[in-house]
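Summary of the model geometry
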Amino acid sequence: MIRILGRESQHTIASKLFDLIPVEQYSLDVRAYTTVLHAYARTGKHKRAIELFEKMNEFGLGPTLVTYNVMLDVYGKMGRSWSRILELLDEMRSKGLEFDEFTCSTVISACGREGMLDEARKFFAELKLKGYKPGTVTYNSMLQVFGKAGVYTEALSILKEMEDNNCPADSVTYNELAATYVRAGFLDQGKAVIDTMTSKGVMPNAITYTTVIDAYGKAGREDEALRLFSQMKDLGCAPNVYTYNSVLAMLGKKSRTEDVIKVLSEMKLSGCAPNRATWNTMLAVCSEEGKHSYVNRVLREMKNCGFEPDKDTFNTLISAYARCGSEVDSAKMYGEMIKAGFTPCVTTYNSLLNALARLGNWKAAESVIIDMRSKGFKPNETSYSLLLHCYSKAGNVKGIEAIEKEIYEGHVFPSWILLRTLVLSNHKCRHVKGMERAFDQLQKYGYKPDLVVINSMLSMFSRNKMFSKAHEMMHFIHENGLQPNLFTYNCLMDLYVREDECWKAEEILKGIQNSGPEPDAVSYNTVIKGFCRKGLMQEAIRVLSEMTTKGIQPTVVSYNTFLSGYAGMQLFDEAIEVIRFMIEHNCRPNELTYKIVVDGYCKAGKHEQAMDFVSKIKEIDISFDDRSVKRLDSCIRERMGSVL
């Protein structure tokens, strides 16, 4: 029975069967025990595997090299077991067993999972000192360790060493190289690996394409990702379930529901059966604010299809319910996960951090990090990134600076993901110095800043009137071959407006109207603001007219901008006409609308007119609430008091 199940790779059936049949009571040989251990390892039943391995030793059965390799894999996947791995390696040496490629690659992969870069370096160096010549599999494991951590320079040096030692690269090598590039922000170089493989006679496979497609999707470059997806199919490389899962996640994130349904249909027609990860992806995709009932429906459907939640499902559910705004369900899923016998891992803690990051609850997030460490887990770049998001959501600059210190002092590796998150977190808190430091570090380590980072820098410099630095960012975009998007152009228009160059701002608007991304309300409002600031109200009205002709409805911001212009020029009758126009065209004024006019009167020293204006607001706007009227009244009285 064990031989048949092992030969057919029926690990799930084997692990369930031997939970019922007490194999310890039978006189099995080492090979049979090793097969059962392998089944437990593949199905994540690590504790059961360890118990059985200890029984083997009690029975006096000497583990073989394969048995030890399986157990190294068990401890590696279980996590927090480096000391036990070292003990097993010592046992193997004492019994005269020589390490093979599987031994070495398994140990190195265990380091990669835990982010233990120094341990991986040390183990690899000791192997070579003892005369071991690494093969392709071992080198690939080293590439994965440093690629996964985002240390692309060291990953590239491993590839060079591999070439120098005439060790042939295979598809796995190139796949790891592509993954290394994309993790460091070099997406186009990652895509170029596909051409390199072809030129070397190594055919790109579904993993190669999926790695790059997934990276493009996560970078918001979904059109390029979908082009590569089509290219893959045209060249006869059949997408696998992981490719489909990446495309589904990307489309779901952009709320492209119809495209999600099309891809799901294509997946079924191609005979590619959805796996547990597909269902986990769908759980993540359907989780939006206030839509936890959708998550419940997908979970029911998943169970109906024979998939019981596993650890990854629980991790996904913790995050999914958090995105739906249901923290109670997130906590409930964590409890159910423990009840189901699954041990929390780094991913579980990261799911909890993700939930807290959405709330900006940094105190609870710090407690999660402390709990991780107390249980022997090492926070990874995702953990620190989520903690940074938590701090930025709450505007906690000191928290961001504490993580900065750990990174810059070398306690946490400065990966592309972490430095990028530092830029964005500082941007969210409007902390220019912190943002500049992180951007300098990105360049220092040779990482490639993406457009999101550049746009954030451009926006911050523009807002703070750091005009020369803002222009440097525009130069950086063109120099690095990045394609500006609408946000970039809107930032550039805002920059010109702040420099009192309203005509240049309109030139940019005209440029994108002709050959760029479609302008939005922000684009037009920015140019309107430029003309209003200069008192060129007729030009501002012209741009507003163009805006409505294009089918873009003016917003409260549009009208408030006009009010600021008129109030600044003490044209209060015109300002009041704008408010009447807003109400007639179903654009409800907000408190700021009226405050702009009140501030205009007060700056002109016309406090009585301001009081008169406030007393008549309810005549103009019946829906305006009384509390807001009282606040405006108090504001005028305070201003009058300060003048007296």
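Given the structure is predicted, the values throughout are model-derived calculations rather than measurements.

About the criteria used
- Residues numbered from 1 in each chain as written.
- Predicted model: local features only at pLDDT ≥ 70, side-chain atom pairs only at ≥ 80, totals over all residues.
- Heavy atoms only, no water.
- Helix = DSSP H or I, 4+ residues; strand = E, 2+ residues; numbered from the N terminus.
- Expected span 1.5 Å × (residues − 1).
- Buried < 20%, exposed > 50% of the residue type's maximum accessible area, 1.4 Å probe, protein only.
- Polar contact = N/O pair within 3.5 Å; in protein donor to acceptor, adjacent residues only side chain to side chain.
- Phe/Tyr/Trp six-rings, centres within 6.5 Å; stacked < 30°, edge-to-face > 60°.
- Contact = heavy atoms within 4.5 Å.
- Domains from an automatic or database assignment.
- Buried area = accessible area lost by both parts, 1.4 Å probe.
- Salt bridge = Lys/Arg side-chain N within 4 Å of Asp/Glu carboxyl O.
- Disulfide = S-S within 2.5 Å.
- Arc of directions from axis to C-beta.
- Axes fitted to C-alpha atoms, helices over the stretch in contact; angles between N-to-C directions.
- Parallel < 35°, antiparallel > 145°, perpendicular 65-115°, else oblique.
- Left-handed = near helix turned anticlockwise from the far one by under 90°.
- Nonpolar A, V, L, I, M, F, W, Y, C, P; charged D, E, K, R; others polar.

Section: helix H35 (residues 591-603)
Its 13 residues give H35 an end-to-end C-alpha distance of 18 Å, which sits within 8% of 18 Å, the value for a rise of 1.5 Å per residue. Listed in full, the buried residues belonging to H35 are Thr 593, Tyr 594, Ile 596, Val 597, Val 598, Asp 599, Gly 600, Tyr 601 and Cys 602. By the N-cap criterion, in which a side-chain oxygen at the helix start approaches the backbone nitrogen of a residue two or three places on, H35 is capped by Asn 590, the distance to Leu 592 being 3.2 Å. Just downstream of H35, Gly 605 is the residue with a positive phi angle, here 75°.

A few points about the packing of aromatic side chains
For the structure on display, the rule yields 14 aromatic pairs. A ring pair is formed by Phe 439 and Phe 476, whose centres lie 5.8 Å apart and whose planes are at 65°; its orientation type is edge-to-face. Of this pair, Phe 439 sits in helix H26 (residues 432-444) while Phe 476 sits in helix H28 (residues 467-479), placing them 37 residues apart in sequence. Accessibility classification places Phe 439 together with Phe 476 in one group, the buried group. Plain terms: the ring middles of Tyr 594 and Phe 613 are 6.2 Å apart, the flat faces sit at 40° to each other, and that makes the pair tilted. Remark: Phe 613 occurs in helix H36 (residues 607-615) and Tyr 594 occurs in helix H35; sequence separation between them is 19 residues. A relative accessible area of 5% places Phe 613 in the buried class. Each member of the aromatic cluster is reached from another via a ring pair, and the members are Phe 572, Tyr 594, Tyr 601, Phe 613 and Phe 624.

A word on the environment of Tyr 447
With respect to the element layout, Tyr 447 can be found in the loop between H26 and helix H27 (451-463). The residues contacting Tyr 447, other than those within four sequence positions of it, are Gly 150, Tyr 152, Ala 184, Phe 186, Phe 413, Pro 414, Ser 415, Trp 416, Leu 419 and Leu 442. Within the structure, Tyr 447 has its side chain in polar contact with the backbone oxygen of Pro 414 (distance 3.1 Å).

Some words on the domain arrangement of the chain
According to the domain assignment, the chain consists of domain 1 (239-326) and domain 2 (344-447). For domain 1 versus domain 2, the separation of C-alpha centres amounts to 27 Å. Listed as interface residues are six residues of domain 1 and, on the opposing side, eight residues of domain 2. For the pairing of domain 1 and domain 2, the buried interface totals around 660 Å² over both sides, and the portion due to carbon and sulfur atoms is 56%.

So, the pattern of salt bridges
Tallied over the entire structure, the rule returns 28 salt bridges. When the shortest N-O distance is used, the salt bridge between Arg 221 and Asp 188 registers 3.0 Å. Within this pair, whereas Arg 221 is found in the loop between helix H13 (206-218) and helix H14 (222-234), its partner Asp 188 is found in helix H12 (residues 187-199), the two being separated by 33 residues in sequence. Because the salt bridges share partners, they merge into one network encompassing Glu 506, Glu 539, Arg 542 and Glu 546.

A word on the state of the cysteines
Throughout the structure, instances matching the rule amount to zero disulfides. Free cysteine Cys 237: the closest other cysteine sulfur is in Cys 272, separated by 12 Å. By relative accessible area, which is 12% here, Cys 237 ends up buried.

A few points about helix H24 (residues 397-408)
Because each turn of an α-helix spans 3.6 residues, side chains separated by three or four positions end up pointing in the same direction. Helix length check: H24 (twelve residues) gives 16 Å between terminal C-alpha atoms against 16 Å at 1.5 Å per residue, within 8%. Looking at H24, one finds that the buried residues are Gly 399, Ile 400, Ile 403, Glu 404 and Ile 407. Projection of H24 onto a plane perpendicular to its axis shows the buried side chains occupying an angular sector of 145°, all on one side. Summarising the geometry of H24, the exposed residues directed more than 90 degrees from the buried face are Lys 398 and Lys 405. Structurally, the start of H24 carries an N-cap: the backbone nitrogen of Lys 398 is 3.3 Å from a side-chain oxygen of Asn 396. Two residues or fewer past H24, Gly 410 is found with a positive phi of approximately 90°.

Let's talk about the packing of H13 against H14
Geometry of a packed helix pair, given as the angle between the helix axes and the separation of the axes. Interaxial distance between H13 and H14 falls to 7 Å at its minimum, and their mutual angle equals 165°. Looking at the two axes, H13 sits roughly antiparallel to H14. As for how H13 packs across H14, the hand of that crossing is left-handed. Residues Ala 206, Tyr 209, Val 212, Ile 213, Tyr 216 and Gly 217 of H13 form the contact with H14, whose participating residues are Glu 222, Glu 224, Ala 225, Leu 228, Phe 229, Gln 231 and Met 232. Residues that form the contact of H13 with H14 fall into these classes: nine nonpolar, two polar and two charged.

Regarding the packing of helix H25 (residues 416-428) against H26
Taken N-terminus to C-terminus, the directions of H25 and H26 make an angle of 160°; their axes are 8 Å apart at the nearest point. Comparing the axis directions of H25 and H26 gives the class roughly antiparallel. The handedness of the crossing between H25 and H26 comes out as left-handed. Of the residues in H26, those in contact with Trp 416, Leu 419, Arg 420, Leu 422, Val 423, Asn 426 and His 427 of H25 are Gly 434, Met 435, Ala 438, Phe 439, Gln 441 and Leu 442. For the contact of H25 with H26, a count of residues per class yields eight nonpolar, four polar and one charged.

Notes on the side chain of Ser 558
Tracing the backbone shows Ser 558 in helix H33 (residues 556-568). Discounting chain neighbours no more than four positions away, the residues touching Ser 558 are Asn 525, Leu 544 and Met 547.

Some remarks on the environment of Ile 596
Its place among the elements puts Ile 596 in helix H35. In this structure Ile 596 comes out as buried when scored by relative accessible area, which is 13%. As for Ile 596 and Lys 332, which are separated by 264 residues in sequence, their C-alpha atoms are 48 Å apart.

Considerations on the environment of Tyr 68
In this fold, Tyr 68 is placed in helix H5 (residues 65-78). C-alpha of Tyr 68 to C-alpha of Thr 34: the two residues are 34 residues apart in sequence and 8.9 Å apart in space. Leave out the neighbours within four places in its chain, and Tyr 68 touches Phe 53, Pro 63, Leu 88, Glu 91, Met 92, Lys 95 and Leu 97.

Section: unusual backbone geometry
Positive phi, close to 55°, is recorded for Lys 465, a residue that is not glycine. Turning to its location among the elements, Lys 465 is positioned in the loop between H27 and H28. What makes Lys 465 exposed here is its relative accessible area of 53%. The phi dihedral of Asp 500 falls on the positive side, at around 65°, and the residue is not glycine.

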